[in-house]
Amino acid sequence: MKKKDNRQGAKPRAGQDNRSGKPGSKPPRQKDAARARAPDYVRPAATAPKEKVQASAPAVEAAPPRPLKERSGALPTEQVPVILESLGAGDFHLIDSGNGLKLEQYGEYRIVRPEAQALWRPSLAERVWDNADAIFTGDTDEEGSGRWRFPKQALGETWPLSLLGVGFLGRFTAFRHVGVFPEQIVHWEWLKQTIEKADRPLKVLNLFGYTGVASLVAASAGAEVTHVDASKKAIGWARENQALAGLENAPIRWICEDAMKFILREERRGNSYDIILTDPPKFGRGTHGEVWDLYDHLPLMLDVCREILSPKALGYVLTAYSIRASFYSMHELMRETMRGAGGEVTSGELVIREAGLDGKTPGRVLSTSLFSRWVPK
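The name an unreviewed UniProt entry gives the protein chain is Class I SAM-dependent rRNA methyltransferase, with Agrobacterium cavarae as the organism.

Enquirer: Please provide a residue-by-residue account of the pairing of strand 10 (residues 166–171), values included.
Expert: Judged by how many residues are buried, strand 10 sits mostly within the fold: six of six residues are covered. In terms of strand pairing, strand 9 (residues 158–163) meets strand 10 through six bridges, oriented antiparallel. Paired with Ser162 across the strands is Gly167, a residue of strand 10. Turn length for the strand 9-strand 10 hairpin, with the two strands adjacent in sequence and antiparallel, is two residues, and the turn residue Leu164 shows positive phi of about 55°.

Enquirer: I'd like a description of the packing of aromatic side chains, backed by residues and values.
Expert: Taken as a whole, this structure holds nine aromatic pairs when the rule is applied. Judged by centre distance (5.2 Å) and plane angle (65°), the rings of Phe150 and Phe172 are edge-to-face. Of this pair, Phe150 sits in the loop between strand 8 (146–149) and strand 9 while Phe172 sits in the loop between strand 10 and helix 2 (185–197), and the two are 22 residues apart along the sequence. Residue classification places Phe172 among the buried residues on the basis of a relative accessible area of 5%. What links up through ring pairs into an aromatic cluster is the set Tyr109, Phe136, Trp148, Phe150, Trp159 and Phe172. A cation sits over an aromatic face here: Lys203 above Tyr273, 5.2 Å from the ring centre.

Enquirer: How would you sum up unusual backbone geometry? Please name residues and give values.
Expert: Of the consecutive residues Val80 and Pro81, the connecting peptide bond is found in the cis state with omega at -20°. The phi dihedral of Arg176 falls on the positive side, at around 70°, and the residue is not glycine. Structurally, Arg176 can be placed in the loop between strand 10 and helix 2. Accessibility expressed as a relative area gives 5% for Arg176, which makes it buried. The backbone of Tyr210 sits at a positive phi, close to 55°, despite the residue not being glycine. Of the residues examined, Tyr210 reaches a relative accessible area of 1% and is grouped as buried.

Criteria and cut-off values
- Residues numbered from 1 in each chain as written.
- Predicted model: local features only at pLDDT ≥ 70, side-chain atom pairs only at ≥ 80, totals over all residues.
- Heavy atoms only, no water.
- Buried < 20%, exposed > 50% of the residue type's maximum accessible area, 1.4 Å probe, protein only.
- Helix = DSSP H or I, 4+ residues; strand = E, 2+ residues; numbered from the N terminus.
- Pairing = 2+ DSSP bridges.
- Phe/Tyr/Trp six-rings, centres within 6.5 Å; stacked < 30°, edge-to-face > 60°.
- Lys NZ or Arg CZ within 6 Å of the ring centre and 35° of its normal.

Right, dumping it as structure tokens:
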């Protein structure tokens, strides 16, 4: 299934990273949309290069749903609510926000994009906002085709960026996204530290992997990575990023397939992973029209992922941008899924704090998504 990036009521994505390949189709209004990130639904000006990727299997009739496993034992301990905050990192920081917009720095470019949750007034003067290099205008609804305006000079579709020491391409897409979701920095930092501290090789599964920044962070830290996204376009972008990061020889499998189909097959084969990242959309369609609905299918996805966690697993991370729910709904589901596994479940929100023009002046906090993370104790 692919994913998309809409965080408050995302538009349909099809099962898969997007920040990309997750299932998807979007709600009628953007106001409750949480950014959708499914490149299959994003139509940028230029198409990604054709890359050889592991293709999905031919379409088959849907199998009867796999029943949820009966879990027993104590629930994991818990930490709630937890706010994971980022002030930015590398080439990114949030400069200011307000009036339904956000002003961000991505490398050399200052960018203005819609942000429904910025209900307050901007802190900085209007002239600062007017000095932006790129402004997303037009139809700001995730389902519509918006457009970028470049007040100073015409800019190319892509430009180089770096986060946590990993290079990749920023990208002006038709749905206001720029090829990376920086609120995930806090998860990527945890991922990098966990891999580097491990005294053994680790296998990481990145579901709905989008443009692959998380996969590249994991690979650069020394992990063997399996990246799954239903969007061929997103996989192509991820391969571009891999080359830019100088990680062509890193052990990364790029899988273009519906996420649910992939993990069910991994369960049947007895394969396992030490860390699983999953960032599903609210709704979407997979490579062969498979329908994904978060409310209907998330319990099974978590359950299957529990089965493919290795006996010495070090973490399982879930984020969600497009659901009208409290983080408690994800938290309790994750605890029930991990019942009997020990460890601890931490849940809450991911937020980005404004950092001003210099990237070092803390301001207000912008909430971006819900998360739940299980780790062993």
